[in-house]
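The primary structure of each chain is shown beneath.
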Amino acid sequence: MKRSTIKGWFLVHKWTSLIATAFLLMLCVTGLPLIFHDEIDAVFGEDHDATLPGTPSADGGLPLDQMLQTALDQRPGEVPLFMAFSQDSPLLTVTTGPAPDAPGDEMTLLFLDRATGEALGPAPGGGFMDFVLQLHTDMFLGLPGMLFLGVMGAMFVIALVSGVVLYAPFMRRLKFGTLRTRRSARVRRLDQHNLIGIVALGWMLVVGATGMINAFADPLVDSWQNGELAEMTARYAGERPLPPQEYGSLDTAMASAQAALPGRSPQFIGFPGGDWSTGHHYAIFFQGDRPLTQNLLTPALVDARSGELTDARAMPALNQALMISKPLHFGDYGGLPLKIVWAVMTLLTIWVLWTGILLWLRRSPAHMERRIDEIAHGAMAGQPA
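What counts, and at which threshold
Just so you know, the residues in each chain are numbered from 1, in the order the chain's sequence is written. Confidence filtering applies because this is a predicted model: local features only for residues at pLDDT of at least 70, side-chain atom pairs given and counted only at 80 or more, and all residues used for totals across whole chains, interfaces and linings. Water and hydrogen atoms were dropped before computing side-chain values, which therefore reflect all heavy atoms in the structure. Put simply, DSSP H or I for four residues or longer makes a helix, DSSP E for two residues or longer makes a strand, and each gets a number counted from the N terminus. Note on contacts: a residue pair qualifies if any of its non-hydrogen atoms lie within 4.5 Å across the two residues. All accessible-area figures derive from a Shrake-Rupley calculation using a 1.4 Å probe, and residue coverage is judged against the displayed protein chains alone. Patch members must show over 30% relative accessible area and no salt bridge, and they are joined within 9 Å when carrying like charges or within 5 Å when they are nonpolar side chains of Val, Leu, Ile, Met, Phe, Trp or Tyr. In the sections that follow, a salt bridge refers to a side-chain nitrogen of Lys or Arg positioned within 4 Å of a carboxyl oxygen of Asp or Glu. We treat Lys and Arg as the positive residues and Asp and Glu as the negative residues; His and chain ends play no part in the count. For this purpose, a charge sits on NZ of Lys, CZ of Arg, CG of Asp or CD of Glu. Burial status follows relative accessibility: with a 1.4 Å probe on protein chains alone, a residue under 20% of its type maximum counts as buried, one over 50% as exposed, and anything between as partly exposed. By convention, a stacked pair of Phe, Tyr or Trp rings (six-membered ring in the case of Trp) has centres within 6.5 Å and planes under 30 degrees apart, an edge-to-face pair has planes over 60 apart, and any other such pair is tilted. As used in this record, nonpolar core signifies buried Ala, Val, Leu, Ile, Met, Phe, Trp, Tyr and Cys residues forming a set joined through side-chain atoms within 4.5 Å. Should DSSP find at least two bridges between two strands, the strands are taken to pair. Lines fitted to C-alpha atoms define the axes, with helix axes restricted to the stretch in contact, and inter-axis angles between N-to-C directions lie between 0 and 180 degrees. Looking at any residue, its pLDDT shows the predictor's confidence there, from 0 to 100. Regarding the arc, it is the one traced by the directions from the helix axis to the C-beta atoms. Contacts described as polar in this section are N or O atom pairs within 3.5 Å, which, within protein, must combine one atom able to donate a hydrogen with one able to accept it, while residues neighboring in sequence count only if both atoms come from side chains.

1. Digging into the overall build of the chain
Scanning the chain from N- to C-terminus turns up 12 helices and eight strands. Along the first, second and third principal axes, the C-alpha atoms of the chain reach 80 × 45 × 35 Å. Once local pairs closer than 6 in sequence are excluded, the contacts in the chain between residues at least 24 apart make up 65%. Accessible surface, the chain: about 18500 Å² in total, of which carbon and sulfur atoms supply 62%.

2. Considerations on a negative patch on the surface
A cluster of acidic side chains, namely D101, D218, D222 and D275, defines a negative patch on the protein surface. Looking at the element boundaries, D275 is found in the loop between β5 (265-270) and β6 (281-287). Of the residues examined, D275 reaches a relative accessible area of 51% and is grouped as exposed.

3. Things to note about the packing of aromatic side chains
Tallying each qualifying case throughout the model produces 11 aromatic pairs. Ring centres of W224 and W276 lie 6.1 Å apart, and the angle between their planes is 45°; this geometry places the pair in the tilted category. Here W224, found in helix α8 (residues 217-232), pairs with W276, found in the loop between β5 and β6; they are 52 residues apart in sequence, far enough to count as distant. With relative accessibility at 17%, the residue W276 sits in the buried group. On the numbers, 6.1 Å between centres and 75° between planes, the contact of Y247 with Y282 is edge-to-face. Residue Y247 is found in the loop between α8 and α9 (250-260), and its partner Y282 is found in strand β6; the two are separated by 35 residues along the sequence. Across this residue pair, the class does not change: Y247 and Y282 are buried. Among the aromatic residues, those joined into a ring-pair cluster are F82, W224, F268, W276 and F285.

4. Brief notes about the pattern of salt bridges
Under the definition given, this model contains eight salt bridges. Of the charged contacts in the structure, one is a salt bridge between D191 and R180, with a shortest N-O distance of 2.9 Å. With D191 in helix α6 (residues 185-199) and R180 in the loop between α5 (143-170) and α6, this pair connects stretches of sequence that are 11 residues apart. Put simply, D38, E39 and K339 are held in one network by salt bridges that share partners.

5. Brief notes about the nonpolar core
M83, I269, Y282 and I284 are the most contacted members of the largest nonpolar core, which has 27 residues in total. Here this core takes five residues from helix α3 (residues 64-74), the largest share from any one element. L160, W203, V207 and W342 belong to the second largest nonpolar core, which has 23 residues in total.

6. Things to note about the sheet that holds strand β7 (residues 298-303)
The strand order across the open sheet built from eight strands is β4-β3-β2-β1-β5-β6-β7-β8, with neighbouring strands paired in antiparallel fashion. The open sheet terminates on both sides in strands that have one partner only, identified here as β4 (119-122) and β8 (309-312). On average, each strand axis in the sheet is inclined to that of its neighbour by 20°, with strand direction left out of account. Across the sheet, α9 lies against β1 (79-85), β5, β6, β7 and β8, angled at about 45° from β6, the strand it touches most.

7. Some words on the confidence of the model for the chain
Averaged over all residues, the pLDDT of the chain equals 87, while 94% of them reach at least 70. Every residue in residues 381-385 scores below 50 in pLDDT, and together they form 11 contacts with partners more than four places removed in sequence or on other chains.

8. Looking at a nonpolar patch on the surface
Among the surface-exposed residues, M1, W9, V12, I158, V161 and L205 lie close enough to one another that they form a single nonpolar patch of about 480 Å² accessible area. Broken down by secondary-structure element, the contributors of at least two residues to the nonpolar patch are α1 (3-35) and α5. Along the chain, V12 turns up in helix α1.

9. Overview of α9
Taken together, the buried positions of α9 are occupied by L250, A253, M254 and A257. The buried residues of α9 all sit within an arc of 100° when viewed along its axis, so they share a single face. Buried residues along α9 sit against α3, β1, β5, β6 and β7. A distance of 3.2 Å separates the backbone nitrogen of D251 from a side-chain oxygen at the start of α9, and that oxygen is part of S249.

10. Overview of the environment of L220
Mapped onto the fold, L220 is located in helix α8. Judged by relative accessible area, which is 16%, L220 ranks as buried. The spatial distance from the C-alpha of L220 to the C-alpha of P56 is 30 Å, given a sequence separation of 164 residues. Setting aside its immediate chain neighbours within four residues, L220 contacts I213, L318, N319 and L322.

11. What to know about unusual backbone geometry
You will see that M139, though not glycine, has its phi angle at about 55°, which is positive. Along the chain, M139 turns up in the loop between α4 (128-138) and α5. With a phi close to 65°, F140 is a non-glycine residue in the positive phi region.

Structure, rendered in structure tokens:
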């Protein structure tokens, strides 16, 4: 590359890194406990999946209509918003709110045991993990905060790509993994920054890209609603939303959906009027039947009054990418060993970000020009710091 080209890439790497670094450090620090959220919940006795014996609620148990009524008895005057199933235990959750379109801060998540029909009470809220999750997700700013962090994720990916572009010419005259220990502290720090960055590159790209996709979850869901969901339910357009007192049997609706998608396991139900359904349907989401496809959801829309199937089809590619990216972002695919790998890689990323800050703080115009020359000509062990 010409020196002017290298300087352009250098400036791209410098400014995308600097702009995003503070927020990336926050995301790494808050992401560490979130990787182990299941284990932390178990320590504090909040992991009901680990304590309830019996058939998984996704596979069977007491009638869904009975479980729904039990939940509504706990929240008089409220309406159902979601019902979610466990693949590991009889735990079943029902989310209620004052209206079908209630915002998140007005929702209540209730735990139930589908094996016994027992109400286990509302999910604990407002604790440390909830605080960390919201800070990591949107910085308590809602959708604007999510979109802002999505832009920071995009800058992180650009910084990684530009770093690779600069790394290739820089390493022409050095063996991979070389640390120039006899040079100045700045050069040693630069070599550590480069080495750890390139070793963790693949992981950082995956986590950065999946985090960026997760940040745009709400617009992706809105796009699905306005596009494919509207197409699937076109014949209901213009009809008044179905009031909760006219909802039909959940068990009948589930039977209709399972007949259309045999062999699949239900993950959750969106009730009429919510973001994941229409004003007239139960939206029953089924997950894939393999470890790699269990987060690929297929919705079956069932008329909430009659229990008849309206349509069932896979979600668009971007929405499927969103479903896959959530567990991949936190290392939820491979149990505790993969979570440990994710935690180690997060610590390495913190080190890369921190060394990048130190390199910038001790910068000077002469250092920048020398750095560009070093990249252009390949790093040389004998060069002065």
